[in-house]
Amino acid sequence: MNVAELPKIELHLHHEGAAPPAFIRQLAHEKRVDLSGIFKSNGSYDFRDFSHFLNVYEAACQVLNSPEDFRRLTLAILEESAENGVIYSETFLSPDFCGGGDLSAWKDYLSAIQDAAEEAERKFEITLRGVVTCVRHFGPEQSKRSAYCAAETAGDWITGFGMGGNESVGAQADYKWAFDCAREAGLQLTTHAGEFGGPESVRDAIRHLGVERIGHGVRAIEDPDLVHELIDRGITLEVCPGSNVVLGLYPEFDSHPIAKLRDAGVKVTVSTDDPPFFHTTMRREYEMLHQAFGWDAEDFAALNNTALEAAFCDDATREKVKKRLEKQ
Ligand code: HPA
Ligand code: ZN
């Protein structure tokens, strides 16, 4: 059995970060924007480290400036995900990059994205749900605008709220207002923590933001008490091993803590984060985990069950995806 062919569930994907470089180059060409500085001569995105990655990411976002761009992007992402065997995906959408935090513009972008998701579901049998994310380095005031957009569009498609961006800026607690607002609107919560911040960042996310999932969270492995707390609270980690390796957290898959976390009893899932930036796909993540840790079809089936249980969707959607998992 080739594990790369198994069906997959992905919970941690940044929408703009999933844009293929050729897609961004094409938009730059159409809009006559010079983005040559963000690409290598072989055509891939060019960045040195995490903070430079964020700069390149935001430069690419300059040409994604209409609902139509996001409609095209969403279709391209879902076609690619489906080709990699993904049957359910949650994507991070930032009102900051979809209309600059303005509610009316955000609704137009969201409507285009949802139209594309419906088309993709018909064509490729993949289901998408949206998690609105604020951007940490844009600051707490801007995060309130994102939370307001999230709350106003919360429902059976926008089902979660979270935070990405630079984990070294400010503290998790600075964003409490936004997370409280989103929780009151019925949204489920996640935040990036324990990637560039250490275990204390994961602790702060649990204490101050009350999240049920953590983006990355892998550095919890440095603190055994925290590992126990994650287990006791049933918190699920959205682990992105390939991203962590490219950004230098761990030298290679073999030294990545995902297997140790899983074996300790932490709920772990696997995602790509920003696949073309990190030269990965869900298929490659599965292949690398199989190679590094010997995970087989049974391990991946358990991984998918954990992901489906932690998915921010309603139970009818969960059932639909479960049937799709069982069919394959
Ligand atoms: N990590 C944190 N913030 C981000 C990322 C990421 O991979 N992509 C876009 N914003
Ligand atoms: Zn991320």
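If you're wondering where the values come from, they're calculated on a predicted model, not measured in any experiment. (Residues numbered from 1 in each chain as written. Chains lettered and ligands numbered in written order. Predicted model: local features only at pLDDT ≥ 70, side-chain atom pairs only at ≥ 80, totals over all residues. Heavy atoms only, no water.)

Moving on, we get to the packing of aromatic side chains. The description of two aromatic rings rests on the distance between their centres and on the angle between their planes. Going through the model one piece at a time under the given rule, you end up with 18 aromatic pairs. The interplanar angle of 5° and the centroid separation of 3.8 Å between the aromatic rings of Tyr-45 and Phe-277 together place this pair among those described as stacked. Taken as a pair, Tyr-45 in the loop between α1 (21-30) and α2 (50-61) and Phe-277 in the loop between β8 (267-270) and α11 (282-293) lie far apart in primary sequence, 232 residues in all. We classify Tyr-45 as buried; its relative accessible area is 1%. Cluster of aromatic residues (ring-pair linked, three or more members): Phe-39, Tyr-45, Phe-47, Phe-50, Phe-53, Tyr-57, Phe-97, Phe-138, Phe-196, Phe-277 and Phe-278. The cationic tip of Lys-8 hangs over the ring face of Tyr-286; the distance from NZ or CZ to the ring centre is 5.2 Å. Across from the ring centre of Trp-177, 5.7 Å away, lies the NZ or CZ of Lys-144, which sits over that ring. (Phe/Tyr/Trp six-rings, centres within 6.5 Å; stacked < 30°, edge-to-face > 60°. Helix = DSSP H or I, 4+ residues; strand = E, 2+ residues; numbered from the N terminus. Buried < 20%, exposed > 50% of the residue type's maximum accessible area, 1.4 Å probe, protein only. Lys NZ or Arg CZ within 6 Å of the ring centre and 35° of its normal.)

For strand β5 (residues 188-193) and strand β6 (residues 213-216), the ladder comprises four bridges, and the chain directions are parallel. Across the sheet, Thr-191 pairs through a bridge with Ile-214, a residue of β6. The handedness of the β5 to β6 crossover, carried by helix α7 (residues 199-209), is right-handed. Note that β6 and strand β7 (residues 236-239) share three bridges and pair parallel. Bridging across to β7, Ile-214 finds its partner in Leu-237. (Pairing = 2+ DSSP bridges. Right-handed = clockwise from strand over helix to strand, strands pointing away.)

This brings us to the domain arrangement of the protein. We note that the domain assignment places domain 1 (3-19 + 66-327) and domain 2 (21-63) within the protein. The straight-line distance from the C-alpha centre of domain 1 to that of domain 2 is 23 Å. Counting residues at the interface gives 23 residues for domain 1, matched by 20 residues for domain 2. Buried area between domain 1 and domain 2, summed over both chains or domains, comes out near 1700 Å², and the portion from carbon and sulfur atoms is 72%. For the interface between domain 1 and domain 2, the tally reads two salt bridges. Measuring nitrogen to oxygen at the nearest pair gives 2.3 Å for the salt bridge that ties Lys-31 to Asp-69. (Domains from an automatic or database assignment. Contact = heavy atoms within 4.5 Å. Buried area = accessible area lost by both parts, 1.4 Å probe. Salt bridge = Lys/Arg side-chain N within 4 Å of Asp/Glu carboxyl O.)

What follows is about the coordination of the zinc ion (ligand 2). Binding of the zinc ion (ligand 2) to the protein goes through His-12 (NE2), His-14 (NE2), His-192 (NE2) and Asp-273 (OD), at separations of 2.1 to 2.2 Å. For the zinc ion (ligand 2), the four donor atoms in the first shell make angles of 83 to 168° at the metal, so the coordination geometry reads as irregular. Donor residues for the zinc ion (ligand 2) sit on one chain with the sequence pattern H-x1-H-x177-H-x80-D. Of this pair, His-12 sits in strand β1 (residues 8-14) while His-192 is found in strand β5, placing the two residues 180 residues apart along the sequence. In this structure, His-12 and His-192 share a single accessibility class: buried. (Donors = N, O, S within 2.8 Å, 3.2 Å for Na, K, Ca; no water. Tetrahedral: all angles 85-135°; square planar, octahedral: opposite > 155°, others 65-115°.)

On to the site of ligand 1. Near ligand 1 you find His-14, Phe-50, Phe-53, Leu-54, Tyr-57, Gly-164, Gly-165, His-192, Asp-273 and Asp-274, and these make up its full shell. In the environment of ligand 1, a nitrogen atom lies 3.4 Å from a nitrogen or oxygen atom belonging to the side chain of His-14. Against a free-state accessible area of 260 Å², the protein chains account for coverage of 95% of ligand 1. No other element matches α2, which puts four residues into the shell around ligand 1. Its residues placed into classes, the shell around ligand 1 shows four nonpolar, four polar and two charged. (Near = heavy atom within 4 Å. Polar contact = N/O pair within 3.5 Å; in protein donor to acceptor, adjacent residues only side chain to side chain. Areas by Shrake-Rupley, 256 points an atom, 1.4 Å probe, with all protein chains shown as cover. Nonpolar A, V, L, I, M, F, W, Y, C, P; charged D, E, K, R; others polar.)

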